[in-house]
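# Inside the fold
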Amino acid sequence: MSAEPVEEAASIPARRRQAEEATLGRALAAIAGIVVAWNALLWGVGLWERLWWLALFGNFVMVVVAAERVGRVVPPRGRAAYERTLAFGFPLLALVAWELIVRGGILNPLWFPPPTRIAQALWDVTVNFDRFSETSLIGRPWLIPEKFGAEGWAGVWSLFAESHVWATLGRVFAGFVIGSIPGILLGVVMGVNQTVRLMLDTTLSAIYVLPKIAIFPIVMLMFADPFGEGPKIVVVALSVFFLVTINTMAGVRDIDPVFIMAGRNYGAKGLSLYRHVIIPAALPVIFAGLRLSLGTALIVIISVEFLRAKQGVGYMTFYYWEVLSPEKMYAGLAVVMAIGVILTYGLQWMQKKAMPWQRG
Amino acid sequence: MATEAPPRIVSRDVTKVYETLRGPVAGLMDFSLDVGDGEFVCVVGPSGCGKSTYLRMLAGLDRPTSGTIEIRPGDDPGKPLNSVVFQEYAVFPWKTVIENVAFGLEMRGRSKAERTERAEYWLERVGLRKFAGHYPHQISGGMKQRVSIIRALANDPEVLLMDEPLGALDAQTRIVLQDELLRIWEETRKTVVYITHSLDEAILLGDRVILMSAHPGRLLETYRIDLERPRTIDTMNLPEFGELRGRIWARLAGEVSRAMEQQE
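Here is what the cut-offs are and how they apply
Residues numbered from 1 in each chain as written. Chains lettered and ligands numbered in written order. Predicted model: local features only at pLDDT ≥ 70, side-chain atom pairs only at ≥ 80, totals over all residues. Helix = DSSP H or I, 4+ residues; strand = E, 2+ residues; numbered from the N terminus. Rg over C-alpha atoms; globule rule 2.2 N^0.38 Å. Buried ≥ 20, exposed ≤ 12 C-beta atoms within 10 Å, placed from the backbone. Contact = placed C-beta atoms within 7 Å. Nonpolar A, V, L, I, M, F, W, Y, C, P; charged D, E, K, R; others polar. Pairing = 2+ DSSP bridges. Axes fitted to C-alpha atoms, helices over the stretch in contact; angles between N-to-C directions. Expected span 1.5 Å × (residues − 1). Core = buried A, V, L, I, M, F, W, Y, C linked by C-beta atoms within 7 Å. Parallel < 35°, antiparallel > 145°, perpendicular 65-115°, else oblique. Left-handed = near helix turned anticlockwise from the far one by under 90°. Domains from an automatic or database assignment.

Attention now goes to the overall build of chain A. Along the backbone of chain A there are 14 helices and zero strands. Taken from the N to the C terminus, the helices and strands of chain A come in the order α-α-α-α-α-α-α-α-α-α-α-α-α-α. In terms of overall dimensions, chain A is more spread out than a globule: its C-alpha atoms have a radius of gyration of 27 Å, far above the 21 Å expected for 360 residues. The dimensions of chain A, computed from C-alpha atoms along their principal axes, are 75 × 70 × 50 Å. Out of the 360 residues in chain A, the part that is buried amounts to 28%. Restricting the contact set of chain A to residue pairs at least 6 apart, pairs at least 24 apart contribute 68%.

With that out of the way, let us pick up the interface of chain A and chain B. Facing the 13 residues of chain A at the interface are 18 residues of chain B. If you tally residues by element for the side of chain A that touches chain B, the top one is helix 11 (residues 257-265) of chain A, at six residues. Considered class by class, the residues forming the side of chain A that touches chain B number eight nonpolar, three polar and two charged.

On to the sheet that holds strand 9 (residues 218-224) of chain B. Residue and element names in this part refer to chain B. Strand order in the open sheet made by the six strands is 5-6-7-3-8-9, with mixed pairing throughout. Every interior strand has two partners, whereas the edge strands, strand 5 (82-85) and strand 9, have only one. Averaged over all pairs of adjacent strands, the angle between strand axes in this sheet comes to 20°, irrespective of strand direction. Set on the sheet, helix 5 (residues 141-154) makes contact with strand 5 and strand 6 (159-163); between it and strand 5 the angle comes to about 180°.

On to the sheet that holds strand 1 (residues 9-20) of chain B. All names here are of chain B. Pairing is antiparallel in the open sheet, where three strands are placed in the order 2-1-4. Strands with a single pairing partner mark the edges of an open sheet, and in this sheet they are strand 2 (23-35) and strand 4 (66-71). Along the sheet, successive strands turn relative to each other by an average axial angle of 25°, direction set aside. In the sheet, strand 1 pairs with strand 2 via nine bridges, with the strands oriented antiparallel. Of the residues in strand 2, the one forming a bridge with valine 10 is aspartate 34. Each of strand 1, strand 2 and strand 4 is contacted by helix 1 (residues 51-58), which is oriented at about 115° to strand 1, the strand it contacts most.

Our next topic: helix 14 (residues 326-354) of chain A. Residue and element names in this part refer to chain A. Given a rise of 1.5 Å per residue, 29 residues ought to cover 42 Å, and the 42 Å separating the end C-alpha atoms of helix 14 matches this to within 8%. Within the span of helix 14, buried status applies to Glu327, Lys328, Met329, Tyr330, Ala331, Gly332, Val335 and Val336. As for helix 14, its buried residues are in contact with helix 4 (115-127), helix 7 (164-192), helix 12 (271-307) and helix 13 (313-322).

Time to look at the nonpolar core. Judged by nonpolar contacts, the single largest core of 124 residues is most densely connected at Val236(A), Val101(B), Val193(B) and Ile210(B). With 15 residues, helix 12 of chain A is the single largest residue contributor to this core. When sequence neighbours within four positions are dropped, the list of residues in contact with Val193(B) reads Val35(B), Val41(B), Val43(B), Leu55(B), Leu58(B), Val159(B) and Leu161(B).

So, on to the environment of Ile9(B). All names here are of chain B. Along the chain, isoleucine 9 falls in strand 1. Since 23 C-beta atoms lie within 10 Å of it, isoleucine 9 is described here as buried. Linking isoleucine 9 and glycine 167, residues 158 residues apart in sequence, is a C-alpha distance of 24 Å. If near-sequence neighbours (up to four positions away) are discounted, isoleucine 9 is found in contact with Asp34, Val35, Leu58, Ile71 and Val159.

For any two helices packed against each other, one specifies the crossing angle of their axes together with the interaxial distance. Residue and element names in this part refer to chain B. As a packed pair, helix 4 (residues 112-125) and helix 5 sit with axes 10 Å apart at the nearest point and diverge in direction by 135°. Taken as axis vectors, helix 4 and helix 5 run oblique relative to one another. When you trace helix 4 past helix 5, the crossing you get is right-handed. Contact residues: helix 4 offers Arg118, Ala119, Trp122 and Leu123, while helix 5 offers Ile150, Leu153 and Ala154. Partitioned by chemical class, the residues of the contact of helix 4 with helix 5 number six nonpolar, no polar and one charged.

Attention shifts here to the pairing of strand 3 (residues 40-44) of chain B. All names here are of chain B. In terms of burial, strand 3 is largely enclosed, as five of its five residues are buried. Judged by which residues are buried, strand 3 turns out to be covered on both faces: Phe40, Cys42 and Val44 on one side and Val41 and Val43 on the other are all buried. Pairing of strand 3 with strand 7 (residues 191-196) involves five bridges; the strand directions are parallel. Among the inter-strand pairings, cysteine 42 is bridged to a residue of strand 7, identified as tyrosine 194. Where strand 3 meets strand 8 (residues 208-213), four bridges bridge the pair, whose relative direction is parallel. Considered in strand 8, the bridge of valine 41 is made with arginine 208.

Interface size is often expressed as the accessible area that is lost when the parts come together. Residue and element names in this part refer to chain B. According to the domain assignment, chain B contains domain 1 (1-73 + 159-264) and domain 2 (94-157). When each unit is reduced to the centre of its C-alpha atoms, the spacing between domain 1 and domain 2 is 26 Å. With ten residues of domain 1 at the interface, the matching set in domain 2 holds eight residues. Of all the elements in the fold, those that place two or more residues in the side of domain 1 that touches domain 2 are strand 6 and helix 6 (171-188). A per-element tally of the side of domain 1 that touches domain 2 places helix 6 first, with four residues. Among the residues forming the side of domain 1 that touches domain 2, the class breakdown is eight nonpolar, one polar and one charged.

With that out of the way, let us pick up helix 5 (residues 144-151) of chain A. Of all eight residues making up helix 5 of chain A, only zero are buried, and the element is barely covered by its neighbours. Downstream of helix 5 of chain A by a residue or two, Gly152(A) has a phi angle that is positive, lying close to 75°.

Residue and element names in this part refer to chain A. Taken N-terminus to C-terminus, the directions of helix 5 and helix 6 (residues 153-161) make an angle of 135°; their axes are 6 Å apart at the nearest point. With respect to each other, helix 5 and helix 6 are oriented oblique. On helix 6, the residues touching Ile144, Lys147, Phe148, Ala150 and Glu151 of helix 5 are Ala154, Gly155, Val156, Ser158 and Leu159. Looking at the contact of helix 5 with helix 6 residue by residue, the classes come out as six nonpolar, two polar and two charged.

Here is the structure:
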């Protein structure tokens, strides 16, 4: 008896979907018609080439309309797949449009080399060793067995040492660790202790807004080898340090006092209060700070490598600009983006491990 | 009867004064209250009467400006003097339900086995056994407050301090939890100081109801509640209950409107 109305209710969205499905074909055909008519109109009056961005904007709007129309018939079970298709399908579509527009001679391939040529360039810098700068993109890992056989671990190390990606990753990682650990410690102290906070807050905020790349020359002077790894890592660490400190402080100050009271009332004191209450309560904001500073670290290291490096993804990008090889320059940019995405996902993974209590 | 044994809580002329830019403001004035062993005392008053401040000072989370508060330790020195149930639950979101319940025991260095056993006993008592591994965001407000209450009970304190524990719950959940509190108290007979702004709740639960005035908070009147135990939710339907409520409310109503006028 009681199951009946529930079943009926369950069939309502299904029936709605069926009705939408019945008209889907016609709707999509109409949308396709509009797209064709719109482009033909611009083409016919000879304006497509000059107003290609306007044409593409119109097409974009119609793609959105079509995707939403399809979205209405997607059953709940197919929802995840539908969302993935949108998230990854659209960038793919944009790449195809880019390719076609450059090949059609509308955009200058010197500024905007087509994606296929960039992919080709990416392949080139990956498999080939650049004799002039004595580098390769990822250090040709397929040579590891051969090098190991010939020169042992030193050979394997020489492969890592020739890599742009490993050079950049190493600097980011070292700077990130060296900057974030003291940053978290100082941030917690400033969040808990009002005296320390009042004394340091103004100074930190002032240094925080300073572009860290502007400190780079001074940092170089402090090192015996100004062109070595030291100054590069320190600049990354500095930029990470201030961001993490300020965020950690905000996170600790934002803790609901009732948690501190509960912790103390139930016997937490000293270190155990930090371990069981203060740190976990501030952790979401601390991680937000870490994520921000990871992005900043990448920006800083690429800028530093533009300025002063013999290796690294930033160096590679700038180097191929100097020798006017735009495909390879774009390849460098693509690698920077890939590093950014991978590092961010890595941090998100860590966040999930560190905070299993967070929803989602 | 209860007066023969020395009182569990002795507070004398407790005063709390806050320094503000506009000069000192008294939150609590010359508040004296003794609570006997195993007594359930409810404190009622308009908002701003300092009842939560008093509870915090009882819990040792705040210090009186003058006056003394003392909780007499029991025979077992390992027992904590007091445990607080907060209005905002204050259940730690980063700990599972069972970790929250066992928190006090963990802080006092009890073994893992003992912690688990005590926590599971209390979870069973309030029907939360199968939520032991859940995180607080996965359970309802009423369940969170149950966790908060049994976190205090599992700690087995000399005195249980409750600061409007049911204030944030909806009316139905509240009734269910009042009933549950009555049942648990009948069995444990803990000394309880219970802050509430609900007169019904105070009469239903308490052996004594303390009425407070606002600005500054002072003790206004004490009412002994002689309703028969064990009580249940149905106790509220007794004619004596209504009579008591009428009598106390007549005194409280004036205080509430005076407090509201002062706030404007």
